[in-house]
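Structural description and commentary
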Amino acid sequence: MPDDAPAESSGDPDELGGSSDGRTVEKDDHTLEEAAEAILFAADEPVAASRISEIVADVTGRPQPSTEDVAAAVDRLNADYAEHGRAFEITSWAGGYRLVTRSALSPFAKTFYVEEQETSLSRSLMETLAVIAYRQPVTRPEVDFVRGVNSDYAIRKLLEMELASVEGRADSVGRPLLYGTTDRFLEQFGLDSLDALPTLREVEDLLDDPAFDDERAKLLQLDREEGISIDMLDPENAEPPDEENASE
């Protein structure tokens, strides 16, 4: 055999730079699963399938994978996580994907961050946010009518927290502003879209659940033991001081 004759191949796809399905693969040619996992691991907010597809195409120089390809890759990743008992999973979140801790293990993550203060919503803010979420786009007078009180403060706070946004103006007299919820609202409440909001019937069933009444009673008892009411923390619902006593 001549000295310059090509060496006989071992047939190993990795050595050949190919794959079992005949596709040529370079040493640094990572799978769609790896790319999606890397992106979601680095992201601090949900990433749409279309964005993952764009990034993969930009990095590799190959045609963009379809959103269906990305969804299939996510399904394969979740199946692999479940098979190996990983502590995380990928969920649909606010119109995209997000890598999150499995709900069963969330107490460990919460305890780790126990020193970080969570921003909680007062009852008035929750009421206002609920009206906006279910009736959007909605004007402030409409929110006031449903709640029975002035909602200026609550709406301003929700705008500052980026849970609500101005969506335009109504065609009615005075052209009042229209308000709606934001992607941050979906993200904070773990919703994929507004369609994932519980129906009013589901809310009614929850309120009628004895377990819910027990939980509410415990919260009220805790509120009394701490000697402070949630409403007292909210300037909107805070009662004005007794003028007679204040003057003494």
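Since the model is a prediction, treat every value here as computed from it, not as a measurement. (Residues numbered from 1 in each chain as written. Predicted model: local features only at pLDDT ≥ 70, side-chain atom pairs only at ≥ 80, totals over all residues. Heavy atoms only, no water.)

**Examining the pattern of salt bridges**
Condition: Salt bridge, as used here: a side-chain nitrogen of Lys or Arg that lies within 4 Å of a carboxyl oxygen of Asp or Glu. Secondary structure elements are defined from DSSP: runs of H or I of at least 4 residues count as helices, runs of E of at least 2 residues count as strands, and each element is numbered from the N terminus. Type-normalised accessible area, obtained with a 1.4 Å probe on protein chains alone, sets the label of each residue: buried when under 20%, exposed when over 50%, and partly exposed for intermediate values.
Per the stated rule, a full pass over the model turns up seven salt bridges. Notably, a salt bridge pairs Asp144 with Arg140, separated by 2.3 Å at the nearest N-O pair. Highlighted residues: Asp144 and Arg140, both in helix α7 (residues 140–147), separated by four residues, approximately one helical turn. Using a relative accessible area of 15% as the deciding quantity, one classes Asp144 as buried. On the basis of relative accessible area, Arg140 is assigned to the partly exposed category, the value being 26%. Across the pair Asp152 and Arg140 runs a salt bridge, and its minimum N-O distance is 3.0 Å.

**Looking at the side chain of Asp144**
Spelled out, the test is: As used in this structure description, the phrase polar contact means that two N or O atoms lie within 3.5 Å; if the pair is within protein, one of them must be able to donate a hydrogen and the other to accept it, and residues adjacent in sequence are counted only when both atoms belong to side chains. In what follows, a contact means two residues having at least one pair of non-hydrogen atoms within 4.5 Å.
Side-chain polar atoms of Asp144 contact the side chain of Arg140, separated by 2.3 Å. Other than its neighbours up to four places away in sequence, Asp144 contacts Val149, Asn150 and Ser151.

**Examining the environment of Val100**
By secondary structure assignment, the location of Val100 is in strand β2 (residues 96–101). Residues Val100 and Leu40, 60 residues apart in the sequence, show an inter-C-alpha distance of 9.4 Å. Sequence-distant contacts of Val100, that is, excluding residues within four places in its chain, are made with Ala87, Phe88, Glu89, Thr91 and Trp93.

**Remarks on the packing of helix α2 (residues 32–42) against helix α3 (residues 49–60)**
Any two packed helices are characterised by the angle at which their axes cross and by the distance between the axes. Quick note on the threshold: Axis angles are defined between N-to-C directions and span 0 to 180 degrees, where every axis is a line fitted to C-alpha atoms and, for a helix, only to the segment in contact. Working rule for angles: under 35 degrees goes down as roughly parallel, over 145 as roughly antiparallel, 65 to 115 as roughly perpendicular, anything else as oblique. Handedness of a helix crossing follows the sense of rotation of the near helix relative to the far helix, less than a right angle counterclockwise being left-handed and clockwise being right-handed.
Their axes nearest at 10 Å, the elements α2 and α3 cross at an angle of 115 degrees. Between α2 and α3, the interaxial angle falls into the category roughly perpendicular. The element α2 and its partner α3 pack so that their crossing is right-handed. Of the residues in α3, those in contact with Leu32, Ala35, Ala36, Ile39 and Leu40 of α2 are Ile52, Ile55 and Val56.

**Notes on the packing of aromatic side chains**
Heads up, the rule is: Only Phe, Tyr and Trp rings are paired, with Trp represented by its six-membered ring, and only when their centres lie within 6.5 Å; those with planes under 30 degrees apart are stacked, over 60 edge-to-face, the remainder tilted. Put simply, a charge is over a ring when the Lys NZ or the Arg CZ is close to the ring centre, within 6 Å, and near the line of the ring normal, within 35 degrees.
Here the structure, examined in full by the defined rule, presents two aromatic pairs. Here the aromatic rings of Tyr81 and Phe88 are separated by 4.9 Å at their centres, their planes lie at 80 degrees, and the arrangement is edge-to-face. Phe88 sits in the partly exposed class, given a relative accessible area of 25%. With a centroid separation of 5.0 Å and an interplanar angle of 45 degrees, the aromatic rings of Phe185 and Phe189 are classed as tilted. Over the ring of Trp93 we find Arg98; its NZ or CZ atom is 5.4 Å from the centre of that ring.

**A short note on helix α6 (residues 123–135)**
Formally: A helix's residues, less one, multiplied by 1.5 Å, set its expected span.
Its 13 residues place the ends of α6 18 Å apart at the C-alpha level, agreeing with the 18 Å of an ideal helix rising 1.5 Å per residue. Those residues of α6 that sit buried are Ser124, Leu125, Thr128, Leu129, Val131, Ile132 and Ala133. Those residues of α6 that are buried lie in contact with α7, α8 (152–160), β3 (164–169), β4 (177–181) and α9 (183–188).

**What about the nonpolar core?**
Put simply, the rule reads: For our purposes a nonpolar core is just a set of buried Ala, Val, Leu, Ile, Met, Phe, Trp, Tyr and Cys residues, chained together by side-chain atoms within 4.5 Å.
Counting 20 residues, the largest nonpolar core has Ile132, Leu158 and Phe185 as the members making the most contacts within it. Of all elements in the fold, only α6, α8 and α9 reach the threshold of two or more residues within this core. In terms of residue count, α6 provides more of this core than any other element does, five residues in total. Apart from the residues within four sequence positions on either side, Phe185 is in contact with Leu129, Ala133, Glu162, Leu163, Leu191, Leu194 and Leu197. Core analysis: the next-biggest nonpolar cluster, separate from the first, contains 15 residues, Leu32, Ile39, Leu40 and Val47 among them.

Treat this as a map of the structure, not an account of what it does.
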